[in-house]
Amino acid sequence: MKAPREIRWGILATGSIATTFTKDILVDPKTRGVTGIIHTVAAAASSSSVSRAEAFLREVGAFASARAYGSYEELVRDQNVDMVYVATPHSHHYQNVMLCLEGGKNVLCEKPFTVNAQQARKLADKAREKGCFLMEALWTRYFPLADYVRNIIASGKLGTVERVVSDCSMRLQPETSFKDGKHRMVNSDLAGGALLDLGVYSLTWPFLALYQEKSPKVFALMTKYQHTSADETTTIMLTFPRDDPPPSVRIQGRLGEIQLFPSAHNPNRTKLVLSDGTVEERDWPKPGPGKGSGWYNGFQHFKNPEGEGQGMFWEADEAAIAFLEGWGDARHLGINETVQIMEVMDEVRRQGGLVYPQKVETTEYPVSL
């Protein structure tokens, strides 16, 4: 049996999402049925201090050989890094990813990919120019559940898909949840608001079901958060109490529909309902070391059951395999589709009159943020 091929990751930023991602990828891939690759962490960088990077590496359980850096430039220069995971706020993605690409590094960049489509196109062009692999880390697109949905649609069981309903609303009150206005959800300096942070999940499922490399027409309504001018909602929906929550995503065809539960960004259950009476329900648990392992992961204060991964390892698997096999692009979320999604969000912002500070909208490089 051939030894698994190793992808050596550099982690750019050391916040909550970087912690969750890194802990996930360091789980043995065989626990999720993936063979032939193995993920290691070669280095991590914090923009605040070397000590923060060192603490991060200890927290995630990286090997002692992993290097800690106090600047992103040092990380990009590390010859032992095959691919960089960019985990900064999305207001900083363009500058950080451009830094990596200029340094010849392959990149997996957190969602949303950039602040606008112009930035996304510039990065895509730079990656092609440099011969670097570039992919958006939109984790939900790489769930086995998403593969199942794609296969159901491709099989024709639903007939022609005519409508997709996808909801990623959160039960939050900005006035109480983000009082100081500095949180990324409401801070315009971080390109904050519902659209870029959460809207990309709502767009995930209609794009997965209906996208055929042609730009859709866009009509949008937006409500601004009065204290910071970030967007608060794009629609108003009333949800009444019920014992069985409705699906967050419904992909409908002439012969039936697939329902996804409980949320658009992290679904773990599907229900296939066909017009011939067929009903098929499936659970999609996240693999990991399992119960009794003493291992835990999660995001921020939400913790998964013992031994259960977050599900971010699948996007890392895709990036690693695509890079090692020389595909030049991801299978399920190519860079052109990422640009198209950014264009949709640009149009939503145009219609809603939402503009971020020029320093995070610009495609000039370098720019100090």
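Keep in mind the model is a prediction, meaning the values are calculated, not measured.

Student: Explanation requested: the environment of C168 in the structure shown.
Tutor: Turning to its location among the elements, C168 is positioned in the loop between β7 (161-166) and α7 (174-177). On the accessibility criterion, C168 (7% relative accessible area) is buried. On a C-alpha basis, the gap between C168 and N96 in space is 27 Å, while along the polypeptide they are 72 residues apart. Look past the residues within four positions of C168 in its chain and what remains in contact with it is L198, Y201, S202, A264 and H265.

Student: What exactly am I supposed to notice about the side chain of S91 here?
Tutor: If you trace the backbone, S91 turns up in the loop between β4 (83-86) and α4 (93-102). At a separation of 2.8 Å, a polar atom in the side chain of S91 contacts the side chain of H92. Sequence-distant contacts of S91, that is, excluding residues within four places in its chain, are made with V115, D189, L190, A191, V360 and L369.

Student: Would you mind showing me how to read the pattern of salt bridges here?
Tutor: Side-chain pairs of opposite charge can arise where the charged atoms are in close proximity. Under the definition given, this model contains 18 salt bridges. A salt bridge links D82 to R8; its shortest N-O distance comes to 3.0 Å. Taken together, the positions of D82 in the loop between α3 (72-77) and β4 and R8 in strand β1 (residues 5-12) put the pair 74 residues apart, joining distant regions of the chain. What makes D82 buried here is its relative accessible area of 17%. Judged by relative accessible area, R8 falls into the partly exposed class, the value being 26%. With its nearest N and O atoms 2.7 Å apart, the salt bridge here joins R331 to E318. Here E318 lies in helix α9 (residues 313-325) and R331 lies in the loop between α9 and α10 (335-352), a separation of 13 residues in the sequence. Residue class for R331 comes out exposed when judged on its relative accessible area of 53%. One connected set of salt bridges, linked through shared partners, spans E102, K126, E129 and K130.

Student: Got a minute to help me understand the packing of aromatic side chains in this structure?
Tutor: Per the stated rule, a full pass over the model turns up seven aromatic pairs. On the basis of an interplanar angle of 85° and a centroid distance of 5.2 Å, the ring pair of W139 and F143 is categorised as edge-to-face. An aromatic cluster of at least three residues, connected via ring pairs, comprises W139, F143, F313 and W314. The ring of F261 has R269 lying over it, and the distance from NZ or CZ to the ring centre is 4.1 Å. The aromatic ring of Y148 is capped on one face by R282, whose charged end is 5.1 Å from the ring centroid.

Here is what the cut-offs are and how they apply
Residues numbered from 1 in each chain as written. Predicted model: local features only at pLDDT ≥ 70, side-chain atom pairs only at ≥ 80, totals over all residues. Heavy atoms only, no water. Helix = DSSP H or I, 4+ residues; strand = E, 2+ residues; numbered from the N terminus. Buried < 20%, exposed > 50% of the residue type's maximum accessible area, 1.4 Å probe, protein only. Contact = heavy atoms within 4.5 Å. Polar contact = N/O pair within 3.5 Å; in protein donor to acceptor, adjacent residues only side chain to side chain. Salt bridge = Lys/Arg side-chain N within 4 Å of Asp/Glu carboxyl O. Phe/Tyr/Trp six-rings, centres within 6.5 Å; stacked < 30°, edge-to-face > 60°. Lys NZ or Arg CZ within 6 Å of the ring centre and 35° of its normal.

Remember that the coordinates give geometry; whether it matters functionally is a separate question.
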